[in-house]
Amino acid sequence: MSFSILGTGSAVPEYVLTNEQLTTMVDTSDEWITSRTGIKRRHIMTTESMTELTVKAAKLALEDANVAADELDLIICATMRGDYITPSQACVIQKELGAHCPAFDVNGACSGFIYALDVADGFFARKRVKKALVVGFDNLSAMTDWTDRNTCVLFGDGGGALVLGEGDGLKTINVEAFGNTDLIYAPRGESTSPMNKREMGRPVLHMNGAEVYKFAVSSMVRLIDRAITDAGLTQDDIDLVIPHQANYRIIKSAEEKLHIDKSKYVCNIAEYGNTSAGCLPIAIDEVNRTGRVKRGDNIVLCAFGSGLTTGVCVIRWDK
Ligand code: ACO
């Protein structure tokens, strides 16, 4: 016994930062950002907290699933950092929803949402839960160096949530990590300890874009191909591919190498940029609410990110 998806929700901040606006902040152009990444706009948190936005996404998912908060047996939030160092963002969401169940965060960077789904799968397999809420949300604007044109044009804030129930929608899931602290990293920042003598580094994202790009393309193709086989399906059986939204060229490159019709790839990067653990649940909510996904469809989710981590799964849409 594993899970099926019962409901979806998402939330992004109201403030929109366009490529044109970015040209007043760093030496860049709409033409460069659009042609190199596919990004046109990103939503950035100004007055909203992660608590407000994650709870909004969670409530929408519960409503869509027709599940009450007190029916939840588990809450997992995939994020690199919540509103608090402690408690976890999942516990904050639990408090706001009035739920009574175990709650904790998972940090798998951009692959975090698939890591969280894999953990939830374990709870279902052990028959410990009947209903679970899995949230994926990141606030990358708070850890971006806004003077670095190599990174600041790429990221946005936002995320979403899924309500899961017992079922056999999940066909296969796999996560990986390749311990690496050079290609994408953000130091923790200052220590409050008067005894600390160690330089902690600025808590902003550093990235070797070209190397991550190569890792991303080769991982996506390998992971999607293997997951489809593991699910006992062929590429023809896949109805939607929802990849991590880091760069539309990475998605295009995977499209070229796989044999899945190009119309089946979901790409909303133009509107949101890379929201890390938020990318997949935002896109899942979008295909649900626009009717792009139909009952019985086989969906592939695939992500890669800091860690270096990867995650992939195949889910049949049972809603
Ligand atoms: N505007 C204008 N020029 C720029 C900008 C910008 N915003 N950023 C970089 N450039 C310049 C560079 O300085 C370089 O100039 P030079 O040739 O004079 O040195 C030139 O553009 C080309 O730079 P490249 O790095 O080669 O550009 P590339 O085509 O590789 O695109 C990018 C860079 C978009 C970062 C790409 O490498 C990429 O998408 N990498 C993967 C990122 C990713 O997937 N991250 C996911 C993980 S993030 C996470 O986990 C939170």
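This one's a predicted model, so the numbers in the text were calculated from it and none came from an experiment.

Engineer: Help me out: how do you make sense of the state of the cysteines in this one?
Structural biologist: By definition, a disulfide links the sulfur atoms of two cysteines through a covalent bond. If you walk through the whole model with that rule in mind, you get 0 disulfides. No disulfide involves C267; its sulfur sits 10.0 Å from the nearest other cysteine sulfur, which is in C279. The structure places no disulfide on C302, whose sulfur is separated from the nearest cysteine sulfur, that of C313, by 9.1 Å. You can call C302 buried: its relative accessible area is 0%.

Engineer: So what exactly am I meant to see when it comes to the layout of surface pockets here?
Structural biologist: To find leftover empty space, a probe the size of one water molecule is rolled over the atoms. Taken as a whole, the largest pocket encloses approximately 760 Å³ of empty space. Taken together, 29 residues line the largest pocket, and the ones lying closest to its centre are M80, R81, N107, M143 and R188. At the level of secondary structure, the elements contributing two or more residues to the lining of the largest pocket comprise β5 (103–106) and β9 (184–185). Looking at the lining of the largest pocket residue by residue, the class counts come to 14 nonpolar, 10 polar and 5 charged. Shared between two domains, the lining of the largest pocket holds at least three residues of each, these being domain 1 (2–168) and domain 2 (173–316).

Engineer: For this particular structure, what's the right way to read the packing of aromatic side chains?
Structural biologist: Each aromatic ring pair is described using two quantities: the centre-to-centre distance and the angle formed by the ring planes. Here the structure, examined in full by the defined rule, presents 3 aromatic pairs. Aromatic side chains F178 and F215 sit 5.9 Å apart centroid to centroid with 80° between the ring planes, which places their arrangement in the edge-to-face category. On the criterion of sequence distance, the pair formed by F178 in the loop between β8 (170–177) and β9 and F215 in helix α7 (residues 209–230) is long-range, its members being 37 residues apart.

Engineer: Looking at this structure, I do not really get the nonpolar core. What am I missing?
Structural biologist: Soluble globular proteins: nonpolar side chains tend toward being buried together. The biggest cluster of nonpolar side chains holds 42 residues, and the ones touching the most others in it are I224, V241, I250, I260, V300 and F304. Taken together, the elements giving at least two residues each to this core come down to α7, α8 (248–257), β12 (298–305) and β13 (309–316). Considering each element in turn, this core owes the most residues, 10 residues, to α7. Each of domain 1 (2–168) and domain 2 (173–316) accounts for three or more of the residues forming this core. Not counting residues up to four positions away in its chain, the partners in contact with V241 are I224, I260, K264, Y265, V266 and V300. Formed by 36 residues, the second largest nonpolar core is a distinct cluster that contains L164, I173, I284 and W317.

Criteria and cut-off values
Residues numbered from 1 in each chain as written. Predicted model: local features only at pLDDT ≥ 70, side-chain atom pairs only at ≥ 80, totals over all residues. Heavy atoms only, no water. Disulfide = S-S within 2.5 Å. Buried < 20%, exposed > 50% of the residue type's maximum accessible area, 1.4 Å probe, protein only. 1 Å grid on protein atoms, 1.4 Å probe; cavity = no way out; pocket = protein on both sides within 12 Å on 5 of 7 lines; lining within 4 Å. Points joined across faces, edges and corners; volume = space filled by probe spheres on them. Helix = DSSP H or I, 4+ residues; strand = E, 2+ residues; numbered from the N terminus. Nonpolar A, V, L, I, M, F, W, Y, C, P; charged D, E, K, R; others polar. Domains from an automatic or database assignment. Phe/Tyr/Trp six-rings, centres within 6.5 Å; stacked < 30°, edge-to-face > 60°. Core = buried A, V, L, I, M, F, W, Y, C linked by side-chain atoms within 4.5 Å. Contact = heavy atoms within 4.5 Å.

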